[in-house]
Amino acid sequence: METPEQRIKVAVQKTGRLTDHSIDLLERCGLVLTKSKDQLICYGENMPIDLLLVRDDDIPALVGDDVCDLGIVGLNVVEEKRLSMEQNGSKGQFKQIFELEFGHCRLSIAAPDEARYEGHNSLEKTKIATSYVGLLTDFLTKNNIDAEPVYFSGAVEIAPKLGRADFICDLVSTGSTLKANGLSEVETLLQSEAVVIQTLAPLSDEKQALVDKILQRLAGVLRVHDSKYIMLHAPRSALADIRALLPGSEAPTVMPLEGNDDKVAIHAVCRENVFWETLENLKAAGASSLLVLPVEKMLA
Ligand code: PRT
Ligand code: ZN
């Protein structure tokens, strides 16, 4: 049995938009989890990996301070933390590994519908309400705009109605919150999604091997996301046309068909979804006996 120091700790959002996706992703990597009574830790039963359930804003610091080895958090939070650390003269002790394809949103400046927005000039000498002072300040500085960020910890969208700011700078996904508050996006500062971050602190060989294993499995889970396994028969003469039609596939396997020299069987992993139109195009190019199967796991 490993000591607590030998176990990998992953910081994950406790309750929020990223929680279910993060836990589901780790479970799809083969991790079997049980929650502690106080709901603060999920223990890995079959691997020495535990999840610390925390507020998303705390995740970069937990990974940076080496309390956790890995973290799953929005890029918006990572970048905000990185900038505030830089502004305080310290460097982020974590590195970003890869994007996880969920939690998509963007950090945007929005203006009241009645305001006339004519580019960066319209922001001069204004107040902009935001929870992302670091990212907003960075945008203003890079664009030589003299405007004042006003910190709001939540409900940023009501700041203009309260007379506390002229614009807001907040996360947007569907845009319905902005619309309901009579606001429209005018600038996008950052496109964001959930990412994995890793501590820069050196790990023991055993821990590094385990981190590598879990990262490789995460990459595998992401790779199969839209992948399909396609099988079909085709005339040998149509091979080139058929290969060109297979979406996102690298090297298909081509096999002879017993008792039929003119036809071959083709199997391929397509890294994109296979739509009906693709199947119809393949059939028109001479393919027959087409079969599309979901891919459950993939290891490069
Ligand atoms: O308690 P804790 O601090 O952990 O949670 P939180 O309230 O800070 O975060 P949470 O759960 O709301 O969001 C976690 C992460 O999800 C964010 O850091 C983003 O990376 C990501 N995400 C994706 C979003 C959104 N979409 C989003 N739409 N985070 C917030 N919003 C909010 C936005 O602030 C605005 O109030 O949703 C509203 C806008 O949504 P639309 O769909 O109306 O445009
Ligand atoms: Zn938060």
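The structure under discussion appears in the preceding block.
Not measured: the values here are computed from a predicted model.

## Looking at the coordination of the zinc ion (ligand 2)
Then, number 1: Around the zinc ion (ligand 2), the donor atoms from the protein are Asp56 (OD) and Asp57 (OD), and they sit 2.0 to 2.1 Å away.
Then, number 2: Its four donor atoms give the zinc ion (ligand 2) angles of 75 to 172 degrees at the centre, a pattern that matches the irregular case.

## Quick look at the sheet that holds strand E7 (residues 105-112)
Then, number 1: A sheet is described by the order of its strands in space; here five strands give the open sequence E9-E8-E10-E7-E11, paired in mixed fashion. In the strand order of this sheet, the two ends are held by strand E9 (148-151) and strand E11 (183-192), each with one partner. Direction aside, neighbouring strands of the sheet carry axes that sit 30 degrees apart on average.
Then, number 2: Of the strands in this sheet, strand E10 (167-172) and E11 touch helix H3 (residues 75-87), which is tilted by about 80 degrees from E11.

## Considering the site of ligand 1
Then, number 1: Near ligand 1, the surroundings consist of 21 residues, among which Asp57, Asn76, Thr174, Gly175 and Thr177 are the closest.
Then, number 2: One of the backbone N or O atoms of Gly175 is found 2.7 Å from an oxygen atom in ligand 1.
Then, number 3: Look at ligand 1: alone it shows 840 Å² of surface, and the protein chains cover 78% of it.
Then, number 4: Looking at the shell around ligand 1, the elements that each hand over two or more residues are H3, E10 and helix H5 (176-180).
Then, number 5: Class assignment for the residues of the shell around ligand 1 results in five nonpolar, 11 polar and five charged.

## Overview of H3
Then, number 1: Taking 1.5 Å per residue as the helical rise, H3 with its 13 residues ought to reach 18 Å, and the 18 Å between its terminal C-alpha atoms agrees with that figure.
Then, number 2: Turning to H3, its buried residues number three or more, namely Leu75, Asn76, Val77, Val78, Glu79, Glu80, Leu83 and Met85.
Then, number 3: Gly89 occupies a position one or two residues after H3 and carries a positive phi of about 85 degrees.

## Structural notes on the pattern of salt bridges
Then, number 1: Evaluation of the coordinates by the stated rule reveals 11 salt bridges.
Then, number 2: Across the salt bridge formed by Arg82 and Glu79, the nearest N and O atoms sit 2.6 Å from each other. With Arg82 and Glu79 both in helix H3 and three residues apart, the pair spans about one turn of that helix.
Then, number 3: Looking at Glu79, the relative accessible area reads 15%, which means it is buried.
Then, number 4: When salt bridges that share partners are traced, they join Glu79, Arg82 and Glu86 into one network.

## A look at the sheet that holds strand E4 (residues 49-54)
Then, number 1: Reading across from one edge, E2-E3-E4-E1-E5-E12-E6 is the order of the seven strands in this open sheet, with mixed pairing throughout. This sheet does not close on itself; its edge strands, each paired only once, are strand E2 (33-35) and strand E6 (94-99). Sheet twist, expressed as the average angle between the axes of neighbouring strands with direction ignored, equals 25 degrees.
Then, number 2: Relative to strand E5 (residues 70-74), strand E1 (residues 8-13) runs parallel, the two being bridged by two bridges. Considered in E5, the bridge of Val10 is made with Leu70.
Then, number 3: Where helix H6 (residues 205-224) meets the sheet, its contacts fall on E1, E4, E5, E6 and strand E12 (194-199), and the angle it forms with E6 comes to roughly 30 degrees.

## So, the nonpolar core
Then, number 1: With 31 residues, the main nonpolar core has Ile59, Ile109, Leu123, Ile128, Leu140 and Ile197 as its most contacted residues.
Then, number 2: Of all the secondary structure elements, the ones that give two or more residues to this core are E4, helix H2 (59-64), H3, E7, helix H4 (133-142), E10 and E12.
Then, number 3: At five residues, H3 tops the list of elements feeding residues into this core.
Then, number 4: Sequence-distant contacts of Ile109, defined by excluding residues within four places in its chain, comprise Leu123, Ile128, Leu136, Phe139, Phe167, Ile168, Cys169, Ser184, Glu185, Val186, Glu187 and Leu189.
Then, number 5: By size, the runner-up hydrophobic cluster in this structure holds 29 residues, among which are Leu18, Leu25, Met47 and Val211.

## Concerning the side chain of Ser227
Then, number 1: Looking at the element boundaries, Ser227 is found in the loop between H6 and strand E13 (228-235).
Then, number 2: Engagement of the side chain of Ser227 in a polar contact is seen with the backbone oxygen of Arg223, the distance being 2.7 Å.
Then, number 3: With residues near it in sequence (within four places) discarded, Ser227 still touches Val269, Cys270, Arg271, Val295 and Met298.

Cut-off values and rules
Residues numbered from 1 in each chain as written. Chains lettered and ligands numbered in written order. Predicted model: local features only at pLDDT ≥ 70, side-chain atom pairs only at ≥ 80, totals over all residues. Heavy atoms only, no water. Donors = N, O, S within 2.8 Å, 3.2 Å for Na, K, Ca; no water. Tetrahedral: all angles 85-135°; square planar, octahedral: opposite > 155°, others 65-115°. Pairing = 2+ DSSP bridges. Helix = DSSP H or I, 4+ residues; strand = E, 2+ residues; numbered from the N terminus. Axes fitted to C-alpha atoms, helices over the stretch in contact; angles between N-to-C directions. Contact = heavy atoms within 4.5 Å. Near = heavy atom within 4 Å. Polar contact = N/O pair within 3.5 Å; in protein donor to acceptor, adjacent residues only side chain to side chain. Areas by Shrake-Rupley, 256 points an atom, 1.4 Å probe, with all protein chains shown as cover. Nonpolar A, V, L, I, M, F, W, Y, C, P; charged D, E, K, R; others polar. Expected span 1.5 Å × (residues − 1). Buried < 20%, exposed > 50% of the residue type's maximum accessible area, 1.4 Å probe, protein only. Salt bridge = Lys/Arg side-chain N within 4 Å of Asp/Glu carboxyl O. Core = buried A, V, L, I, M, F, W, Y, C linked by side-chain atoms within 4.5 Å.

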